[in-house]
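So the chains spell out like this:
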Amino acid sequence: MTVVDAHLHVWDPEQAAYEWLGPAMAPVDRAMRFHDALPALRTAGVGAAVLVQAADSDEDTDLMLATAARHPEVVGVVAWVPLDDPGRARARLAALRRDPHVVGVRTLLHERSDPDWVLGPDADAGLALLAEAGLPFDYSTTSPAALRHLPELSARHPALRLVVDHLGKPPVGGGREDRAEWHRLIAAAAKHPGVHAKLSGLYSASGALDAWTTDEVRPFVEDALELFGPERLMYGGDWPISLLAGGYARTWEAMCELLAPLAPDDRAAVLGGTATRFYRLDPALLNTAHHAAV
């Protein structure tokens, strides 16, 4: 089985604008390229990766596609399209879908001034285009509050596949009441069979990103397994943000420990099978990645 990291970023401030990227993000406030991640991926035994957008711009998408063209380990790209401009979105989707690497779309919802932007009529029309095209939508969050929109989005677009990035940012290291509220929201989302989730970015909810422990993350992974099942969960290493949270190796080893109790087939689903099916990864690209890894 090829292990697939379903959530990895690259960026280059000289090629695209990243308004959120500044000195507070040191030492990753510079160009972070896929070849920088490769040693950690290979050490972990990760053979393939899906790149996920880091800016709402064509330039960021073009950077990911250029990276995919150079690195056989990249088997998917979650691109950006202007969902709130359906005419432009339709044209951009038509162009992007000529590249087999393009497997999904994401918008930085948490960077929008309107927290309900995704429910607006223009964005709604854009999501309808994705459903029509058969492309899934990565649902980005920086707090569990944004999860409240998912039941309505699923009801409006029952054919749209959705994946909750970073498990909806659960309150790792927080109190019982915070966990209960996250659980209520993620459980409501999980009732819809088209909603999946990524076991990624599970860091401390307050303070330093690296102030988490495997035991603090464990209850949220256990809840996710109960709510979604392994067949709707996928692993994501969240590089290079994971470098701020203790390093890729630390997050990978924690995930391996948390998934160890699962049956082999269930563990294989989380570590690659779910991402392969959800993103409909191209078998030829996966085969090329496999041979590059061995």
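Each remark here, short or long, concerns the structure printed above.
The present account deals with the structure reproduced in this document.

Calculation notes
- Residues numbered from 1 in each chain as written.
- Predicted model: local features only at pLDDT ≥ 70, side-chain atom pairs only at ≥ 80, totals over all residues.
- Heavy atoms only, no water.
- Helix = DSSP H or I, 4+ residues; strand = E, 2+ residues; numbered from the N terminus.
- Rg over C-alpha atoms; globule rule 2.2 N^0.38 Å.
- Contact = heavy atoms within 4.5 Å.
- Lys, Arg positive; Asp, Glu negative; His and termini not counted.
- Charge placed at Lys NZ, Arg CZ, Asp CG, Glu CD.
- Pairing = 2+ DSSP bridges.
- Axes fitted to C-alpha atoms, helices over the stretch in contact; angles between N-to-C directions.
- Buried < 20%, exposed > 50% of the residue type's maximum accessible area, 1.4 Å probe, protein only.
- Right-handed = clockwise from strand over helix to strand, strands pointing away.

### Quick notes on the overall build of the protein
What the protein contains, in helices and strands, is 10 helices and eight strands. Over its C-alpha atoms the protein spans a radius of gyration of 18 Å, differing by no more than 12% from the 19 Å that the globule rule assigns to 294 residues. Referenced to the eigenvectors of the C-alpha coordinate spread, the extents of the protein come out at roughly 45 × 45 × 40 Å. Across the protein, contacts joining residues at least 24 apart in sequence account for 80% of those joining residues at least 6 apart. Side-chain charges in the protein split into 26 positive and 40 negative, and the spacing between the mean points of these groups amounts to 4 Å.

### Some details on the sheet that holds strand β3 (residues 74-79)
Adjacent strands of a sheet form backbone hydrogen bonds with each other and so pair up, either parallel or antiparallel. In spatial order, the strands read β1-β2-β3-β4-β5-β6-β7-β8; together these eight strands make up an open sheet with parallel pairing. Sheet topology places β1 (3-8) and β8 (233-235) at the edges, where each strand pairs with a single neighbour. Between one strand and the next, the sheet's axes are offset by a mean angle of 30°, whatever the strand orientation. Two elements, strand β6 (residues 162-164) and strand β7 (residues 195-199), share three bridges in a ladder whose sense is parallel. Bridging from a neighbouring strand, L162 pairs with V195 of β7.

### Considering the pairing of β1
Most of β1 is tucked away, with six of its six residues classed as buried. Two elements, β1 and strand β2 (residues 46-52), share four bridges in a ladder whose sense is parallel. Its bridge partner lying in β2, V3 is registered against V46. At this point the chain moves from β1, through helix α1 (residues 34-44), to the parallel β2, and the crossover so formed is right-handed.

Any functional reading would require information beyond the geometric quantities listed.
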